[in-house]
Amino acid sequence: MDKDKYAKLEQGITPKPPLLKNMIKAFLVGGTICLIAQFIALFYMTFFDFTERTASNPTVATMIFISMLLTGFGLYKKIGQVGGAGAAVPITGFGNAVVSAAIEHKSEGYVLGVGGNIFKLAGSVIVYGVFSAFLVALIKTILVKMGVVSW
């Protein structure tokens, strides 16, 4: 059997994924995560006198902490199975990636296992996040110096 016949046979046998259903579930799970984050931000603004701008950092830290706890208890995996990208894309997916790598390599020891692999998945997110933040700050500084944008 040549490659073309095999590809046609495979396409005929492989079930089609329910794309619309998966998109709706991802939207609902991601939206629910964002809704929870909004309530946490409102909590910080109400009880700790944060402004809308200053509440973002503790809200992000709280969401990462919650996702790390849920990963440790094995619950975030279930959320990810239901929500797919809706659970992976928000900042909670970052916390999940960090803790998942640490749990997976715990048997190799704390230094070489956990310490050596904890940022294996999340390391690229950190590197590109810092690099893109640097570029945005550089562009903004140049635009401010040129007088195009006011500080």
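Along each chain, residue indices are assigned from 1 in the same order as the chain's sequence is written. Local features in this predicted model are restricted to residues whose pLDDT is 70 or higher, and side-chain atom pairs enter the listing and the counts only when it is 80 or higher, whereas totals over whole chains, interfaces and linings include all residues. In computing side-chain values, all of the structure's heavy atoms are included and hydrogens and water are not.

Visitor: How would you explain the confidence of the model for the chain if you had to name every residue and give the values?
Guide: Values of pLDDT, which run from 0 to 100, indicate the predictor's confidence residue by residue. For the chain, the average pLDDT comes to 89, and 99% of its residues sit at 70 or higher. Working definition: helices are DSSP H or I runs of at least four residues, strands are E runs of at least two. Numbering for both runs from the N terminus. Across the chain, the element-wise mean pLDDT spans from 78 in helix α7 (residues 110-117) up to 95 in helix α2 (residues 19-47).

Visitor: With reference to specific residues and values, describe the packing of helix α3 (residues 56-72) against helix α4 (residues 75-83).
Guide: Lines fitted to C-alpha atoms define the axes here, with helix axes fitted over just the stretch in contact, and angles between the N-to-C directions of these axes take values from 0 to 180 degrees. Orientation of α3 relative to α4, taken along the N-to-C sense of each, is 100 degrees, at an axis distance of 5 Å. One finds that α3 runs roughly perpendicular with respect to α4. Residues Ser67, Leu70 and Thr71 of α3 form the contact with α4, whose own contacting residues are Leu75, Tyr76 and Ile79. Oblique is the label for any angle not under 35 degrees, not over 145, and not in the 65 to 115 range, which are roughly parallel, roughly antiparallel and roughly perpendicular in turn. We call two residues in contact whenever any of their non-hydrogen atoms come within 4.5 Å of each other.

Visitor: Explain unusual backbone geometry to me, using residue names and the numbers behind them.
Guide: Residues other than glycine predominantly adopt negative phi, and peptide bonds predominantly adopt the trans conformation. Even without a glycine there, the phi angle at Asp49 is positive, about 60 degrees. When you line up the elements, Asp49 lands in the loop between α2 and α3. Here Asp49 falls in the exposed class, since its relative accessible area comes to 69%. Only protein chains enter the accessibility calculation, which uses a 1.4 Å probe; a residue whose area is less than 20% of its type maximum is buried, one above 50% is exposed, and one in between is partly exposed.

Visitor: An account of the environment of Ala101 is requested, with residue identities and associated values reported.
Guide: Inspection of the secondary structure assignment puts Ala101 in helix α6 (residues 91-104). Separated by 18 residues in the primary sequence, Ala101 and Phe119 place their C-alpha atoms 7.3 Å from one another. Once you skip the residues sitting within four places of it in the chain, Ala101 turns out to touch Asn117 and Ile118.

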